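The chain contents come next:
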Amino acid sequence: MIFGLDFSAVDWDEMFTGTLDTLKMLGNSAVFTIILGLPIGIVLYLWGRSQIPFVQGFYAVLSFIVNILRSVPFIILVIALIPFSRAMVGTSIGVLGTIPPLVIGAAPFFARLVETSLREVDRGVIEAAQGMGASTAQIVMRVLLPEARPGLLAGITITVVTLVSYTAMSGMVGGGGLGDLAIRYGYQRYEKEVMIVSIILLVVLVQLLQMAGDRLVRHFTRK
Amino acid sequence: MIELKGLTKVYGKGGSAATALSGVNLNIEKGEIFGVIGHSGAGKSTLIRCINLLERPTKGEVWVDGTELTRLGKSQLQEHRRKIGMIFQHFNLLSSATVYDNIAFPLRLTHTPKAAVDRKVNELLALVGLTEHRGKYPAQLSGGQKQRVGIARALASDPDVLLCDEATSALDPQTTDSILRLLLDINKQFNLTIVLITHEMLVIQSICDRVAVIHGGGIVEQGRVTDVFLKPKHEVTKEFIRSEAQDDSPLLAALHAPHPTGATAVKITFLGEKTYESTLSRVAGGTGVNFAILQGTISTIKDTPYGQLIVRFEGDAKAIGRTISELAAQGLDVEVLS
């Protein structure tokens, strides 16, 4: 008994499974968020810089869609996307059912971070590449992405940390993982011990992710 | 080699439109170093960026090596740009790539085989003297070293033309000097046409063959550097040359001071071999006039020696007259000041 809490009642097997589920959701959704968000971010950057009026129109539309997705609270997005998840992966609950809303929720956020870090790339370097006859694709692959690498890694770190809290929220609608445990035991059954352990594990996870991200950013920073 | 015809660039539209260039015509020969000098805002940066169409002119034609660039489509333009190297005031190197990778960059754009890239980059590293720094990142280099990387990178695709956009403006005088010498070297070694823009007369004087003075979006004076430098016509040109010299108010006082025996002040310009000959003392000795040197410069423009002296001849008017015509007959340029 510590502070009147009895940790012997905690089912550690269940805690372990919960942690594993959280990591699965996190890993999968992070990969798909990057696969979806990176190209969107690049397109936002390229269209946003264009001088051609109809391309500027495309930018406005895409930017608007991204803003809408970002302004819907995640918990509502999860519920709204239940039919979508069923269509995509055949279920709307558990680890698998949570991945589509996680990706849809985080990708627009990540895309904006990508756009911002690409904008930080020195214009002069891009011009130098243009002057050397580089095509737009070559500028993206050989100039923008390598030059923005520290910023992109920082963006990925922020996105993954955000995804941790999203996975926890998805526990509200049967998402599974540590968030699910915290809600089921702590909120619905008043078993504070499981909730506290879940929260501690989430805090540790976020700390580790942030530390790893910071290290990577430092490693690739050349300025 | 490079021909600009009626080049006009207007930024913005309607009431807020600003004209950066208005109807510039320029003809740059193969193998020469052509300088464009002007104050900031005169349009020189726009001018050089129009040559490889980093800036699209509003009107006019850009011809490089017999091709009208202003008429080309996107991919053809990319092709032609490979033959035009460019270096920048702020170097514009990839901060995420090493010296080696920066120089290899243009070669990799064209999918050059690895062995050929390696050979070329090593050659260029040796040329610009950075072989030991090949694995460093730009942030670890000095300004001069960064510009050397920029030059090597610009030369990697064997260009016919090198554009230098204020390439030495961010460097200290010694480094500027070494970069200019390197540019002169590669100009001679590869018969590379170089176009440079600057606001420093010293840069023009050190390496350029011809110069154009740009002011208010137009070329106000152009010609061989020796001609423009020694006989400037436009007020802006004179200003650039004056800023090299010191304050000349004491000289003006000396020029206008009354003289007991009668005197005439003249400006004598020597060019080439004559600079180092004893013409002045020989002629003055012959006609029996004395002279005082009030101000003078003996220096070189690129490889041409020149001298410009302001001299006061003292003696009777006839003898002074004979001295002046004799000097002119010897091939010196004499301008009577007072």
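Residues numbered from 1 in each chain as written. Chains lettered and ligands numbered in written order. Predicted model: local features only at pLDDT ≥ 70, side-chain atom pairs only at ≥ 80, totals over all residues. Heavy atoms only, no water.

Now for the packing of helix α1 (residues 12-49) of chain A against helix α7 (residues 136-147) of chain A. Residue and element names in this part refer to chain A. In the contact formed by α1 and α7, the axes pass within 12 Å of each other and the chain directions differ by 110°. For the element pair α1 / α7, the angle class is roughly perpendicular. In this structure, α1 crosses over α7, and the sense of that crossing is right-handed. On the side of α1, the interface is formed by L38, I42, Y45 and L46, while α7 contributes T136, V140, L144 and L145. For the contact of α1 with α7, the residue count by class is seven nonpolar, one polar and no charged. (Axes fitted to C-alpha atoms, helices over the stretch in contact; angles between N-to-C directions. Helix = DSSP H or I, 4+ residues; strand = E, 2+ residues; numbered from the N terminus. Parallel < 35°, antiparallel > 145°, perpendicular 65-115°, else oblique. Left-handed = near helix turned anticlockwise from the far one by under 90°. Contact = heavy atoms within 4.5 Å. Nonpolar A, V, L, I, M, F, W, Y, C, P; charged D, E, K, R; others polar.)

Taken as a whole and assessed by the stated rule, the structure comprises three cavities of 30 Å³ or more. When its volume is computed, the largest cavity comes out at roughly 130 Å³. Around the largest cavity, the lining is made up of 14 residues, and of these G131(A), M132(A), I84(B), G85(B) and M86(B) lie nearest the centre. Going through the elements one at a time, α6 (123-131) of chain A together with β6 (84-88) and α5 (143-155) of chain B are the ones with two or more residues in the lining of the largest cavity. Broken down by element, the lining of the largest cavity gets its largest block of residues, four residues, from β6(B). Looking at the lining of the largest cavity, its residues break down into seven nonpolar, three polar and four charged. Of the voids in this model, the second largest cavity is the one considered here, and its volume is about 60 Å³. Lining the second largest cavity are C164(B), E166(B), A167(B), T168(B), S169(B), L180(B), L183(B), L196(B), I197(B), T198(B) and V203(B). Put simply, the parts of the chain that give the lining of the second largest cavity at least two residues each are α6 (173-190) and β8 (193-198) of chain B. (1 Å grid on protein atoms, 1.4 Å probe; cavity = no way out; pocket = protein on both sides within 12 Å on 5 of 7 lines; lining within 4 Å. Points joined across faces, edges and corners; volume = space filled by probe spheres on them.)

How big an interface is tends to be stated in terms of the accessible area lost upon association of its parts. At the interface, 22 residues of chain B touch 21 residues of chain A. Between chain B and chain A we count one salt bridge in total. Note that R49(B) and E127(A) form a salt bridge whose closest N and O atoms lie 2.8 Å from each other. The tally of links between chain B and chain A comes to nine residue pairs in polar contact (both at pLDDT 80 or more). Only α2 (74-81), β6 and α3 (99-109) of chain B provide two or more residues apiece to the side of chain B that touches chain A. (Salt bridge = Lys/Arg side-chain N within 4 Å of Asp/Glu carboxyl O. Polar contact = N/O pair within 3.5 Å; in protein donor to acceptor, adjacent residues only side chain to side chain.)

Attention now goes to the UniProt feature "domain: ABC transporter" (unreviewed entry) in chain B. Here the UniProt feature "domain: ABC transporter" (unreviewed entry) sits at residues 2-241 of chain B. Overall, residues 2-241 of chain B shows 39% helix and 26% strand. The separation of its end C-alpha atoms is 27 Å. (UniProt positions renumbered as here; feature names shortened; annotations may be inferred.)

Bringing the confidence of the model for chain A into the picture now. On average, residues of chain A score 90 in pLDDT, and 99% of them reach the 70 mark or higher. The least confident element of chain A, judged by mean pLDDT, is helix α9 (residues 177-188) of chain A at 83; the most confident is α7(A) at 95. (pLDDT = per-residue confidence, 0-100.)

It is worth spelling out the layout of surface pockets at this point. In this structure, the largest pocket occupies an estimated 1000 Å³ of space. Secondary-structure elements contributing two or more residues to the lining of the largest pocket are α1, α6 and α7 of chain A together with α2 of chain B. When the residues that make up the lining of the largest pocket are grouped by side-chain class, the tally is twelve nonpolar, six polar and eight charged.

Counting across every chain of the model gives five aromatic pairs over all chains. Measuring from ring centre to ring centre gives 4.1 Å for F74(A) and Y166(A), while their planes differ by 5°; the resulting arrangement is stacked. Remark: Y166(A) occurs in helix α8 (residues 149-170) and F74(A) occurs in helix α3 (residues 74-80); sequence separation between them is 92 residues. No difference in accessibility class separates F74(A) from Y166(A), as the two residues are buried. Relative to Y306(B), the ring of F229(B) lies with its centre 5.8 Å away and its plane at 80°, an arrangement referred to as edge-to-face. Remark: Y306(B) occurs in strand β13 (residues 304-314) and F229(B) occurs in helix α8 (residues 225-230); sequence separation between them is 77 residues. Aromatic ring contacts, followed pair by pair, group W47(A), F54(A) and F58(A) into a single cluster. One Lys or Arg, R222(A), reaches over the ring of Y137(B) and ends 4.0 Å from the middle of that ring. (Phe/Tyr/Trp six-rings, centres within 6.5 Å; stacked < 30°, edge-to-face > 60°. Buried < 20%, exposed > 50% of the residue type's maximum accessible area, 1.4 Å probe, protein only. Lys NZ or Arg CZ within 6 Å of the ring centre and 35° of its normal.)

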